[in-house]
Amino acid sequence: QVQLVESGGGLVQPGGSLRLSCAASGNILRIDTMGWYRQAPGNQRELVAAITGGTTDYADSVKGRFTISRDDAKNTVVYLQMNSLKPEDTALYFCYGQFKIWPTGIVSTPWGPGTQVTISS
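Residues numbered from 1 in each chain as written. Predicted model: local features only at pLDDT ≥ 70, side-chain atom pairs only at ≥ 80, totals over all residues. Heavy atoms only, no water.

A. Just the overall build of the chain, in detail. Each helix and strand in the chain was counted, giving zero helices and 11 strands. The order of α-helices and β-strands along the chain, N terminus first, is β-β-β-β-β-β-β-β-β-β-β. Over its C-alpha atoms the chain spans a radius of gyration of 14 Å, differing by no more than 12% from the 14 Å that the globule rule assigns to 121 residues. Its C-alpha atoms give the chain principal-axis dimensions of about 50 × 30 × 20 Å. In the chain, of all internal contacts separated by at least 6 residues, the share reaching a separation of at least 24 is 58%. Here the chain displays about 6300 Å² of accessible surface, and carbon together with sulfur accounts for 48% of that area. With 10 positive and 9 negative side-chain charges, the chain shows a separation of 3 Å between the mean positions of the two kinds. (Helix = DSSP H or I, 4+ residues; strand = E, 2+ residues; numbered from the N terminus. Rg over C-alpha atoms; globule rule 2.2 N^0.38 Å. Contact = heavy atoms within 4.5 Å. Areas by Shrake-Rupley, 256 points an atom, 1.4 Å probe, with all protein chains shown as cover. Lys, Arg positive; Asp, Glu negative; His and termini not counted. Charge placed at Lys NZ, Arg CZ, Asp CG, Glu CD.)

Next up, the structure:
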């Protein structure tokens, strides 16, 4: 199995920045996709950003403000740099991924436990 652990959430003022990290561990044969979803109270979970190979994808609401990237040394770690944060970015942010597990090649789609991001003055 594959486990995901997020870090980097917190409380910041509007206009501020945060960087979230997600580290994957386990018997990983191949990483297909890693990314971030978020869920605010009363709302459905929504895709924020994803990285698949060299391709990135963003929700319209975060384009130009958020950047997803992979660690150069450890391709099992992804980051979400969040700039120009707004109160509506407040949510529980979840890391997710799609992996093939060694040695069977079975697909695993784990979720992290989530990290809270709160934007408030």
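B. Structural context of the pattern of salt bridges. Counted according to the given criterion, the structure contains six salt bridges. Here Arg 38 and Glu 46 are joined by a salt bridge, their closest N and O atoms 2.7 Å apart. The exposure class of Glu 46 is partly exposed, given its relative accessible area of 35%. (Salt bridge = Lys/Arg side-chain N within 4 Å of Asp/Glu carboxyl O. Buried < 20%, exposed > 50% of the residue type's maximum accessible area, 1.4 Å probe, protein only.)

C. Seen up close, the nonpolar core. Judged by nonpolar contacts, the single largest core of 30 residues is most densely connected at Met 34, Trp 36, Leu 80, Met 82 and Tyr 93. At the level of elements, strand 1 (2-7), strand 3 (18-26), strand 4 (28-39), strand 5 (46-52), strand 7 (66-70), strand 8 (77-82), strand 9 (91-101) and strand 11 (115-119) are the ones that each hand at least two residues to this core. Looking at this core element by element, the count peaks at five residues for strand 9. Filtering out sequence-adjacent residues up to four positions away, Leu 80 remains in contact with Leu 18, Arg 19, Leu 20, Trp 36, Val 48, Ala 49, Phe 66, Thr 67, Ile 68 and Tyr 93. (Core = buried A, V, L, I, M, F, W, Y, C linked by side-chain atoms within 4.5 Å.)

D. The side chain of Asp 89, seen in detail. Its place among the elements puts Asp 89 in the loop between strand 8 and strand 9. Within the structure, the side chain of Asp 89 is placed 3.0 Å from the side chain of Arg 38, a separation counted as a polar contact. Beyond its immediate chain neighbours, meaning those up to four positions away, Asp 89 contacts Arg 38, Arg 65, Phe 66, Ser 84, Val 117 and Ile 119. (Polar contact = N/O pair within 3.5 Å; in protein donor to acceptor, adjacent residues only side chain to side chain.)

E. Summary view of the state of the cysteines. For the coordinates displayed, the defined rule picks out one disulfide. Bridging Cys 22 to Cys 95, the disulfide has an S-S length of 1.9 Å. Note on the Cys 22 and Cys 95 pair: the S-S dihedral is about -80°, so by sign convention the disulfide is left-handed. Taken together, the residues Cys 22 in strand 3 and Cys 95 in strand 9 connect sequence positions 73 residues apart. (Disulfide = S-S within 2.5 Å.)

F. Spotlight on the packing of aromatic side chains. In total, this model carries four aromatic pairs according to the counting rule given. When the centroid spacing of 5.0 Å and the interplanar angle of 80° are considered together, the rings of Tyr 37 and Tyr 96 count as edge-to-face. Separated by 59 residues along the polypeptide, Tyr 37 in strand 4 and Tyr 96 in strand 9 bring together distant segments of the chain. When its relative accessible area of 22% is taken as the criterion, Tyr 37 is described as partly exposed. Each ring, one from Tyr 37 and one from Trp 111, has its centre 5.1 Å from the other, and the planes form 65°; the classification is edge-to-face. Residue Tyr 37 is located in strand 4, and its partner Trp 111 is located in the loop between strand 10 (107-108) and strand 11; the two are separated by 74 residues in the primary sequence. (Phe/Tyr/Trp six-rings, centres within 6.5 Å; stacked < 30°, edge-to-face > 60°.)

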